[in-house]
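Now for the letters of each chain:
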Amino acid sequence: MPKSRNLTCKTCKPHRSRPHKSLTKEQEDWLRTNAGVKYTGDWWKCAQDGCVTARPFSSEGNSVQFPSAIA
């Protein structure tokens, strides 16, 4: 799997393509526990400084915001 992808981020303005990076183990665990996500392999976190948004590859509308402690 690639280490980064350009995807849209609905919290970064304007909604252009931004670099997204693969999740850390801690972020994957948080998604499973707190967001009810069973499969985290297709989730990506926005790499923009200060952004805490993650989304699956296939759906921008299904995004979550990580707590800043693990973002």
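Above this note sits the structure.
Note that the coordinates shown come from a computational prediction; the quantities given were computed from them, not determined experimentally.

1. Thoughts on the side chain of Q27
No. 1: Structurally, Q27 can be placed in helix α1 (residues 25–34).
No. 2: A distance of 2.9 Å separates a polar atom in the side chain of Q27 from the backbone nitrogen of T24.
No. 3: A polar contact is formed between the side chain of Q27 and the backbone oxygen of I70, at a distance of 3.0 Å.
No. 4: With sequence-adjacent residues up to four places away left out, Q27 is seen in contact with S22, K45, F66, I70 and A71.

2. Remarks on the pairing of strand β3 (residues 43–46)
No. 1: Both faces of β3 are covered, namely the face carrying W43 and K45 and the face carrying W44 and C46.
No. 2: With three bridges joining them, strand β2 (residues 17–22) and β3 adopt antiparallel strand pairing. Within the sheet, the bridge partner assigned to K21 lies in β3 and is K45.
No. 3: Here three bridges tie β3 to strand β4 (residues 53–56), and the two strands are oriented antiparallel to one another. Paired with W43 across the two strands is P56, which belongs to β4.
No. 4: Two successive antiparallel strands, β3 and β4, enclose a turn made up of six residues, where G50 displays a positive phi of approximately 85°.

3. Some words on the packing of aromatic side chains
Each aromatic ring pair is described using two quantities: the centre-to-centre distance and the angle formed by the ring planes.
No. 1: One pass over the structure, following the stated rule, counts one aromatic pair.
No. 2: With a centroid separation of 5.3 Å and 70° between ring planes, the pair formed by W30 and F66 is classed as edge-to-face. Here the residue W30 occupies a position in helix α1, and F66 occupies one in the segment after β5 (64–65), the gap between them amounting to 36 residues.
No. 3: We note R5 situated over the ring of F57; from NZ or CZ to the ring centre the distance is 4.5 Å.

Each value, and the rule that gives it
Residue positions are given per chain, counting from 1 as you read along its sequence in written order. In keeping with the model being predicted, local features are shown solely for residues with a pLDDT of at least 70 and side-chain atom pairs are shown and tallied solely at 80 or more, while totals for entire chains, interfaces and linings include all residues. Remark: hydrogens and water are excluded; side-chain values derive from all non-hydrogen atoms of the structure. Put simply, DSSP marks the helices as runs of H or I at least four residues long and the strands as runs of E at least two long, and each gets a number from the N terminus on. Counted as a polar contact is a pair of N or O atoms within 3.5 Å, where, for protein atoms, one must be capable of donating a hydrogen and the other of accepting one, and residues adjacent in sequence contribute only when both atoms are in side chains. Only heavy atoms matter for contacts: two residues are in contact if any of them lie within 4.5 Å across the pair. Only protein chains enter the calculation, and the probe is 1.4 Å; a residue is then buried if its accessible area is under 20% of its type maximum, exposed if over 50%, and partly exposed in between. By the convention used here, strands pair only if DSSP detects at least 2 bridges between them. A pair of Phe, Tyr and Trp rings is counted when the ring centres sit within 6.5 Å of each other, with Trp represented by its six-membered ring. The angle between the planes then sorts it: under 30 degrees is stacked, over 60 is edge-to-face, the rest tilted. Only lysine NZ and arginine CZ atoms are considered, and such an atom sits over a ring when it is within 6 Å of the ring centre and within 35 degrees of the ring normal.

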